[in-house]
Amino acid sequence: MSDIGVDRWVAESEERDQRYTGWLGPGRRLLDRIPSGWKLVAFLGVVGLYPMFASQAGVRIGITVLLLAMLAIGLNVVVGWAGMLDLGYVAFYGFGAYFYAIVSSPHLPAHWPTWVSIPVIVVASALLGALLSLPSRRLIGDYLAIMTLFFAQVFIEVVRNYPRLPGIETDLTGGPNGITGVEPWELFGFAIDTFNRNFYLLLVLLGLVIVLLRNVDRSRTGIAWRALREDSLAAAHMTTPVNRLKMLAFAVGAAIAGLTGTVLASVQVGVFPNNFLLLFLITIYAALILGGLGSIPGAVIGAIAVAVSPEILRNPTAAGWLFYLALILLLVTVLREPLRITSVIIGVAGFGYLVRLAAVAIWGDTILGPANDAFLSEFLDAWALILGPAQDIASSYAFVLAIGGVLAVIVTKGWWRVALLIPTAYVAIFVWENKLALEPSITRQLLFGGVLVVMMAVRPQGLLGTRRVEIT
Amino acid sequence: MEFFLQQTVNGLTLGSVYALLALGYSMVYGVLKFLNFAHGEVYMFGAFAGYGVLTVLGGAAGLAVPVWLALTLMFVGAVVVSSGIGVALERFAYRPLRTASRLAPLISAIGASFFLQAAALLLFSANSRSYQAPTLIPIENSLTVGPISVWVVRILVIVTAVVLMILLTWWVRASRMGKAVRALSYDTEAAAMMGIDVDRVIVITFLIGSALAGVGGVMVGLVFGRVFHLMGFIAGLKAFTAAVVGGIGSIPGAMLGGLLIGFAEAYTTAFISSTFQNLIVFGLLIVFLLVRPRGFLGRPEVAKV
């Protein structure tokens with residue numbers, strides 16, 4: 001490796017030269033010339049127009065996106081910049097939400113005005129984050145990860161079983177039922193009680209957090225965090241105050257999560273233990289990883305992709321389109337050559353037709369059921385074998401087969417890969433039509449888990465990030 | 001006293017399973033220096049494989065073959081499925097990341113774990129299954145040990161675990177491949193320079209670790225009954241802690257840690273509270289991690305820049 005003793009700027013120079021070449025080059029050059037402040041303003045402005053055109057349900061989805069974007073940006077501080085794997089992040093989110101719910105609902109007599117409760121909650125979350133960072137003085141990597149994961153588990157168990165804890169008289173968390181009737185934020189006598197207002201509130205908060213973090217990122221602290229991530233021992237030798245920086249990263253991340261939690265409690269007029277499960281933690285991670293660790297715009301874009309995908313999956317027509325589009329895109333990126341791509345597509349159709357003929361010849365017409373999606377159904381009817389619900393077990397086997405096929409495709413090359421792709425793609429379509437399209441929530445879980453694995457292997461820098469230079 | 005002894009047997013059974021799981025964590029950590037988050041899911045699939053074999057053979061009530069054969073086939077099925085998944089994980093989720101930053105394989109492992117959980121949910125639905133082991137081997141088949149009687153299945157579990165651990169210890173100490181595993185956990189680069197096929201050793205480590213997890217899965221199904229798609233997560237966490245408590249990378253440590261966690265859990269459930277069982281076990285672990293992160297039998301790690 002010729003990177004030894006080379007600093008980051010030199011190591012990336014080749015990449016910079018390449019950046020403006022090719023058909024994307026001019027666009028990139030134009031984009032890079034715009035100061036990032038204006039980009040942020042443009043982004044916020046465009047997003048700000050969204051509620052004017054969207055339905056209430058659409059605005060609700062927009063709120064989910066913004067919540068996730070805030071969380072991803074906060075998590076980015078700990079994981080992307082300081083390089084510590086924090087699996088307890090979702091607990092800070094829950095802490096903020098529960099704290100807000102407790103002090104702004106009829107659940108308990110305490111009732112604080114928003115301008116008191118929000119600063120208190122943000123500071124309290126930051127302190128909790130700092131407290132949880134204490135183990136990071138001694139524990140690194142996996143140990144810290146597992147420790148924070150324990151913390152998240154302890155949090156959820158405590159919240160769920162609070163009334164049953166020994167020596168507890170007032171029921172602080174409402175146990176498994178959570179707290180309902182939470183009052184919305186109220187600023188200067190202005191209640192933020194509609195979806196539209198919450199959307200704008202979140203947009204303003206997001207803008208503030210982005211500006212704040214961008215400045216932190218460029219400051220000494222941001223640089224020190226990166227030094228910590230690359231090699232904390234070396235950083236310590238350069239007199240970087242490692243422990244204090246770790247604590248700061250945790251505190252900043254936790255404060256952002258706590259703040260976001262208060263908005264969640266306000267938006268959904270309640271908090272429930274199920275808002276803060278591992279599933280949601282993985283969702284935040286998927287958003288962050290998809291967009292690219294360490295990049296704020298990446299975190300926002302990842303959040304949009306991750307938060308919108310379940311909504312698409314819920315709508316069968318859109319989900320069908322997305323699936324086939326993704327399949328074709330995948331074929332194009334994997335095979336690259338037009339001849340191979342067309343032969344796979346024709347091969348899948350032919351293969352499907354033969355399988356269908358054989359299946360009908362063996363089991364009769366009863367095996368065919370209606371396709372899920374009205375538009376594609378005529379097209380699919382000709383060659384995709386659609387089983388009735390009774391043959392559920394067949395699609396389970398097909399799922400295992402499809403996974404095996406995908407793994408086999410990864411290890412093969414050339415025409416072998418093409419030959420393997422034909423049955424694999426067919427089985428994947430079969431599984432999609434018979435199982436995945438019908439189970440959007442499970443499909444989402446598969447997708448998010450898969451995103452983490454695939455992104456790490458194929459594009460660890462995320463969709464938009466630049467390649468990280470390993471300097472040894 | 002009798003209750004206490006009963007709980008001790010309980011803890012011993014539970015601890016044997018945790019120990020088997022912990023061995024997988026510990027071995028993988030030893031060679032790759034990273035935590036295989038998806039190990040709990042490998043164990044869960046082992047339990048389901050055992051259930052599948054049992055169902056194919058006619059279920060606990062209408063078994064078509066003798067009980068001993070059914071049990072053997074269940075264990076074999078679980079070992080095949082689990083080690084297959086383990087090796088696939090290594091090949092596709094972890095191997096591309098060997099040279100990546102420290103976080104990459106961890107994130108990949110979390111993703112894989114989540115993916116496997118969802119896959120199990122898709123394949124087996126959210127209903128929990130039961131081996132119905134008391135139908136398979138009636139509870140009357142018990143040995144009387146002192147004042148208490150112990151169901152033979154529990155004895156089978158404990159004995160199998162002990163035998164496996166002895167075999168593993170022998171394998172790591174004495175066999176050629178075991179020596180290679182130790183060399184790798186000492187220094188991967190140096191081992192590669194000495195002509196050890198690193199990929200092969202890592203695959204074998206995953207194979208053995210996952211096979212043990214599969215055996216553990218069937219054991220849990222036999223003794224504790226419930227098999228469901230989330231069973232791997234908490235068990236995996238506890239087993240990892242067992243590995244840490246014993247000293248990660250150390251094989252006797254993993255066994256010791258597994259037993260300790262098993263006892264802690266059994267006594268907590270019996271004498272303090274079953275609701276807070278996980279809470280207390282995790283609390284203990286947090287404290288332990290803080291006080292002695294290298295565990296009872298672990299070597300202190302020397303940090304190098």
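From a predicted model like this one, the values you see are computed outputs, not experimental measurements. (Residues numbered from 1 in each chain as written. Chains lettered and ligands numbered in written order. Predicted model: local features only at pLDDT ≥ 70, side-chain atom pairs only at ≥ 80, totals over all residues. Heavy atoms only, no water.)

(A) View of the nonpolar core. Within the largest apolar cluster, 235 residues are counted, with the highest numbers of intra-cluster contacts made by Leu85 of chain A together with Leu222 of chain B. Looking at this core, the element that brings in the most residues is helix 5 (residues 56–81) of chain A, giving 16 residues. The residues contacting Leu85 of chain A, other than those within four sequence positions of it, are Val79, Leu144, Ala145, Thr148 and Tyr285 of chain A together with Leu103, Leu106, Ile107 and Ile110 of chain B. (Core = buried A, V, L, I, M, F, W, Y, C linked by side-chain atoms within 4.5 Å. Buried < 20%, exposed > 50% of the residue type's maximum accessible area, 1.4 Å probe, protein only. Helix = DSSP H or I, 4+ residues; strand = E, 2+ residues; numbered from the N terminus. Contact = heavy atoms within 4.5 Å.)

(B) Expanded view of the packing of aromatic side chains. Applying the stated criterion across every chain, the model contains 22 aromatic pairs over all chains. With centroids separated by 5.1 Å and ring planes inclined at 85°, the aromatic side chains of Phe323 of chain A and Tyr324 of chain A adopt a geometry described as edge-to-face. Geometrically, the ring pair formed by Phe4 of chain B and Tyr267 of chain B is stacked, given 5.2 Å between the ring centres and 5° between the ring planes. Linking Phe4 of chain B in helix 1 (residues 2–32) with Tyr267 of chain B in helix 11 (residues 251–272), this pair joins segments that are 263 residues apart in sequence. Judged by its relative accessible area of 37%, Phe4 of chain B falls in the partly exposed class. (Phe/Tyr/Trp six-rings, centres within 6.5 Å; stacked < 30°, edge-to-face > 60°.)

(C) Looking closely at the packing of helix 13 (residues 278–291) of chain A against helix 20 (residues 440–458) of chain A. All names here are of chain A. With their axes 9 Å apart at the nearest point, helix 13 and helix 20 run at an angle of 40° to one another. The angle between helix 13 and helix 20 places the two elements in the oblique class. Where helix 13 crosses over helix 20, the handedness of that crossing is left-handed. Of the residues in helix 20, those in contact with Leu279, Ile282, Thr283, Tyr285, Ala286, Ile289 and Leu290 of helix 13 are Arg444, Gln445, Phe448, Val451, Leu452, Met455 and Met456. The residue inventory of the contact of helix 13 with helix 20, partitioned by class, reads 11 nonpolar, two polar and one charged. (Axes fitted to C-alpha atoms, helices over the stretch in contact; angles between N-to-C directions. Parallel < 35°, antiparallel > 145°, perpendicular 65-115°, else oblique. Left-handed = near helix turned anticlockwise from the far one by under 90°. Nonpolar A, V, L, I, M, F, W, Y, C, P; charged D, E, K, R; others polar.)

(D) Layout of the pairing of strand 2 (residues 142–145) of chain B. Residue and element names in this part refer to chain B. As defined by bridge partners, strand 2 adjoins strand 3 (residues 148–151) across four bridges and the pair is classed as antiparallel. What sits directly across from Val145, in strand 3, is Ile148. Connecting strand 2 to the antiparallel partner strand 3 that follows it, the hairpin turn spans two residues, and Gly146 within it adopts a positive phi of roughly 60°. (Pairing = 2+ DSSP bridges.)

(E) Molecular detail of the interface of chain A and chain B. The interface of chain A with chain B comprises 51 residues on the first partner and 49 residues on the second. Carbon and sulfur atoms make up 81% of the area that chain A and chain B hide from each other, which totals about 4700 Å². Interface area lost by chain A to chain B is led by Asp142, Tyr143 and Phe150 of chain A, which between them contribute 16%. Applying the counting rule to chain A against chain B returns zero salt bridges. In this structure, the connection of chain A to chain B is made through zero residue pairs in polar contact (both at pLDDT 80 or more). Sorting the residues of the side of chain A that touches chain B by element identifies helix 8 (141–161), helix 11 (232–237), helix 13, helix 18 (392–411) and helix 20 of chain A as the ones contributing at least two each. With 12 residues, helix 8 of chain A is the single largest residue contributor to the side of chain A that touches chain B. Grouping the amino acids of the side of chain A that touches chain B by side-chain chemistry returns 34 nonpolar, nine polar and eight charged. (Buried area = accessible area lost by both parts, 1.4 Å probe. Salt bridge = Lys/Arg side-chain N within 4 Å of Asp/Glu carboxyl O. Polar contact = N/O pair within 3.5 Å; in protein donor to acceptor, adjacent residues only side chain to side chain.)

(F) Molecular detail of a nonpolar patch on the surface. All names here are of chain B. The grouping of Met1, Phe3, Phe4, Phe271 and Ile272 at the surface amounts to a nonpolar patch, some 580 Å² of accessible area in total. Broken down by secondary-structure element, the contributors of at least two residues to the nonpolar patch are helix 1 and helix 11. Under the relative-accessibility criterion, Ile272 is labelled exposed at 60%. (Patch = residues over 30% accessible without salt bridge, like charges linked within 9 Å, V, L, I, M, F, W, Y side chains within 5 Å. Areas by Shrake-Rupley, 256 points an atom, 1.4 Å probe, with all protein chains shown as cover.)

(G) Just the confidence of the model for chain B, in detail. When pLDDT is averaged along chain B, the result is 86; 97% of the residues meet or exceed 70. Interface confidence for the predicted complex, expressed as ipTM, amounts to 0.85; the pTM equals 0.87. (pLDDT = per-residue confidence, 0-100.)

(H) Inspection of the pattern of salt bridges at higher detail. Residue and element names in this part refer to chain A. A complete count under the given rule lists seven salt bridges over all chains for this structure. Glu311 is the salt-bridge partner of Arg314, the closest N and O atoms lying 3.4 Å from each other. Placement of the pair is Arg314 and Glu311 together in helix 14 (residues 296–314), with a separation of three residues, close to one helical turn. The exposed category is assigned to Arg314, whose relative accessible area is 54%.

(I) Summary view of helix 20 of chain A. Its 19 residues place the ends of helix 20 of chain A 25 Å apart at the C-alpha level, agreeing with the 27 Å of an ideal helix rising 1.5 Å per residue. For helix 20 of chain A, the complete set of buried residues consists of Ile442, Thr443, Gln445, Leu446, Phe448, Gly449, Gly450, Val451, Leu452, Val453, Met455 and Met456 of chain A. Residues of helix 20 of chain A that are buried sit in contact with helix 13, helix 14, helix 18 and helix 19 (414–434) of chain A together with helix 3 (67–94) and helix 4 (103–124) of chain B. (Expected span 1.5 Å × (residues − 1).)

(J) Layout of a positive patch on the surface. All names here are of chain B. On the surface, a cluster of positive charge is contributed by Arg173, Arg176, Lys179 and Arg182. Considering every element that reaches the positive patch, the biggest residue donor is helix 7 (residues 176–186), with three residues. Here Arg182 is to be found in helix 7. Residue Arg182 is classed as partly exposed on the basis of its relative accessible area of 38%. (Lys, Arg positive; Asp, Glu negative; His and termini not counted. Charge placed at Lys NZ, Arg CZ, Asp CG, Glu CD.)

(K) Here's a closer look at the side chain of Ser82 of chain B. Residues and elements named next belong to chain B. Mapped onto the secondary structure, Ser82 falls in helix 3. Judged by its relative accessible area of 0%, Ser82 is buried. Discounting chain neighbours no more than four positions away, the residues touching Ser82 are Val42, Phe45, Gly46, Ser210 and Gly214.

(L) Inspection of the packing of helix 10 (residues 220–230) of chain A against helix 12 (residues 242–267) of chain A at higher detail. Residues and elements named next belong to chain A. Remark: helix 10 packs on helix 12, axes separated minimally by 10 Å, with the N-to-C direction vectors making an angle of 105°. Regarding the angle of helix 10 to helix 12, the classification is roughly perpendicular. Taking contact as the criterion, the partners of Thr221, Ala224, Trp225 and Leu228 in helix 10 are, on helix 12, Val242, Leu245, Lys246, Leu248, Ala249 and Val252. Here the residues of the contact of helix 10 with helix 12 sort into eight nonpolar, one polar and one charged.

(M) Region of interest: helix 9 (residues 198–224) of chain B. Residue and element names in this part refer to chain B. The end-to-end C-alpha separation of helix 9 is 38 Å, in line with the 39 Å expected for 27 residues at 1.5 Å each. Counting buried positions along helix 9 gives 21 out of 27 residues, so the element sits mostly inside the fold. Two residues or fewer past helix 9, Gly225 is found with a positive phi of approximately 90°.

(N) Highlighting the environment of Val218 of chain B. Residues and elements named next belong to chain B. By the secondary structure assignment, Val218 is in helix 9. By relative accessible area, Val218 is classed as buried at 0%. Put simply, Val218 and Leu5 are 213 residues apart on the chain and 24 Å apart in space, counted from C-alpha to C-alpha. When neighbours within four sequence positions are excluded, Val218 is seen to be in contact with Gly46, Ala47, Gly50, Met74, Phe75, Ala78 and Tyr131.

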